[in-house]
Amino acid sequence: MPSNYKYYTGLTSQLPFCSTPLRLDPYNNCAFSCSYCYASSRQGFGRQSKLKISNPETLRSRLSRISEGIIKSSVDEFMGRKVPFQLGGMSDPFGPLEEKHGITFKMLMALKDFKYPFLISTKSAMPALDKYLKVLIECDTI
């Protein structure tokens, strides 16, 4: 049984250079094993680390708290200003883990419900599946 992934969101280490400083990762592992992967050696990520899975209800609760004006961290400040998330900032959110657990889908639902902007980093065609495409079309993030 995978453990709870509590570092599902955070500021990118590339903050001074990045136009999307917030990342959102449903899983701490990625199945693609890209040779150029910078994330494999950062923040507990890597191909050998124990699987951790985000709790989408934690994201939903945080978005709710922030929408009520309760800011508790620098990440909350960014989120309060609706700085877009990079969904898949450290690991691909649409790999085999998503087929099994569906955490990315639940996070997309929370982002949609709060009209929170995001961009997706993936090598997968999974976002084009009807289930995901329907939610993505309903996301009013532009």
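The notes below deal with the structure included here. Just so we're clear, the structure is a prediction, and the values are computed from it rather than from any experiment. Just so you know, the residues in each chain are numbered from 1, in the order the chain's sequence is written. Residue-level local features of this predicted model are given only where pLDDT is at least 70; pairs of side-chain atoms are given and counted only at 80 or more, and the full residue set underlies all totals for whole chains, interfaces and linings. Processing note: side-chain calculations cover all non-hydrogen atoms of the structure and skip hydrogens and water entirely.

## With respect to the overall build of the chain
Convention followed: Each helix is a run of DSSP H or I of at least 4 residues and each strand a run of E of at least 2, with the numbering of both proceeding from the N terminus. Only protein chains enter the calculation, and the probe is 1.4 Å; a residue is then buried if its accessible area is under 20% of its type maximum, exposed if over 50%, and partly exposed in between. In this description, contact between two residues means that some pair of their heavy atoms is separated by no more than 4.5 Å. Note on areas: Shrake-Rupley with a 1.4 Å probe; residue coverage comes only from the protein chains shown.
Counting its secondary structure elements, the chain contains five helices and six strands. Starting at the N terminus and walking to the C terminus, you meet the elements of the chain as β-β-β-β-α-α-β-α-α-β-α. A buried classification covers 42% of the 142 residues belonging to the chain. Taking all contacts inside the chain whose residues are at least 6 apart in sequence as the whole, residues at least 24 apart take part in 70%. Accessible surface, the chain: about 8,000 Å² in total, of which carbon and sulfur atoms supply 55%.

## Focus on helix α1 (residues 56-67)
Counting along an α-helix, one turn takes 3.6 residues, and residues three or four places apart therefore face a common direction. Condition: By this rule the span expected of a helix is its residue count minus one, scaled by 1.5 Å.
For α1, built from 12 residues, the straight-helix expectation of 16 Å at 1.5 Å per residue is met to within 8% by its first-to-last C-alpha distance of 17 Å. Immediately downstream of α1, the backbone of Gly-69 shows phi near 85°, a positive value.

## A word on the side chain of Ser-54
Note the cut-off: We define a polar contact as two N or O atoms separated by no more than 3.5 Å, with the added condition that, inside protein, one atom must be a possible hydrogen donor and the other a possible acceptor, whereas residues neighbouring each other in sequence contribute only through side-chain atom pairs.
Locating Ser-54 in the fold gives a position in the loop between β4 (52-53) and α1. Side-chain polar atoms of Ser-54 contact the backbone oxygen of Asp-25, separated by 2.7 Å. Excluding anything up to four places from it in sequence, Ser-54 contacts Asn-4, Tyr-5, Tyr-8, Asp-25, Pro-26, Tyr-27, Ile-103 and Met-107.

## Looking at the packing of aromatic side chains
Aromatic ring pairs are reported here in terms of the distance separating the ring centres and the angle at which the planes meet. Basically, it comes down to this: Two rings from Phe, Tyr or Trp (for Trp, the six-membered ring) form a pair when their centres sit within 6.5 Å of each other. Planes less than 30 degrees apart are called stacked, planes more than 60 degrees apart edge-to-face, and all others tilted. Look at NZ for Lys and CZ for Arg. If either is within 6 Å of the ring centre and within 35 degrees of the ring normal, a charge sits over the ring.
This model, assessed by the stated rule, comprises three aromatic pairs. The interplanar angle of 85° and the centroid separation of 5.4 Å between the aromatic rings of Phe-94 and Tyr-132 together place this pair among those described as edge-to-face. Taken together, the residues span a long stretch of sequence, with Phe-94 in the loop between β5 (85-87) and α3 (96-101) and Tyr-132 in helix α5 (residues 130-138) at a distance of 38 residues. Here the two residues Phe-94 and Tyr-132 agree in accessibility, since each one is buried. Taken together, a centroid distance of 5.6 Å and an interplanar angle of 85° make the contact between Phe-105 and Tyr-132 edge-to-face. With Phe-105 in helix α4 (residues 103-113) and Tyr-132 in helix α5, this pair connects stretches of sequence that are 27 residues apart. We note that Phe-105, like Tyr-132, is buried. An aromatic cluster of three or more residues is present, and its members are Phe-94, Phe-105 and Tyr-132. Over the ring of Phe-105 we find Lys-131, and its NZ or CZ is 4.5 Å from the ring centre.

## Some remarks on the side chain of Asp-76
By the secondary structure assignment, Asp-76 is in helix α2 (residues 74-80). Asp-76 has contacts with Arg-62, Arg-65, Ile-66, Ile-70 and Ile-71, leaving out every residue within four places of it along the chain.

## Examining the packing of α4 against α5
Our working definition: Axis geometry follows a simple rule: fit a line to the C-alpha atoms, using only the stretch in contact for helices, then measure angles between N-to-C directions, giving values from 0 to 180 degrees. Each angle is binned into one of four classes, with values under 35 degrees roughly parallel, values over 145 roughly antiparallel, values of 65 to 115 roughly perpendicular, and all other values oblique. Helix crossings get a hand from a simple test, with the near helix turned counterclockwise from the far one by less than a right angle marking a left-handed crossing and a clockwise turn marking a right-handed one. Classification convention: Asp, Glu, Lys, Arg as charged; Ala, Val, Leu, Ile, Met, Phe, Trp, Tyr, Cys, Pro as nonpolar; all other residues, Gly among them, as polar.
Where α4 meets α5, the closest approach of the two axes is 9 Å, and the angle between their N-to-C directions is 20°. Between α4 and α5, the interaxial angle falls into the category roughly parallel. Crossing handedness for the pair α4 and α5: left-handed. Residues Phe-105, Leu-108, Met-109 and Lys-112 of α4 form the contact with α5, whose own contacting residues are Lys-131, Tyr-132, Val-135, Leu-136 and Glu-138. For the contact of α4 with α5, a count of residues per class yields six nonpolar, no polar and three charged.

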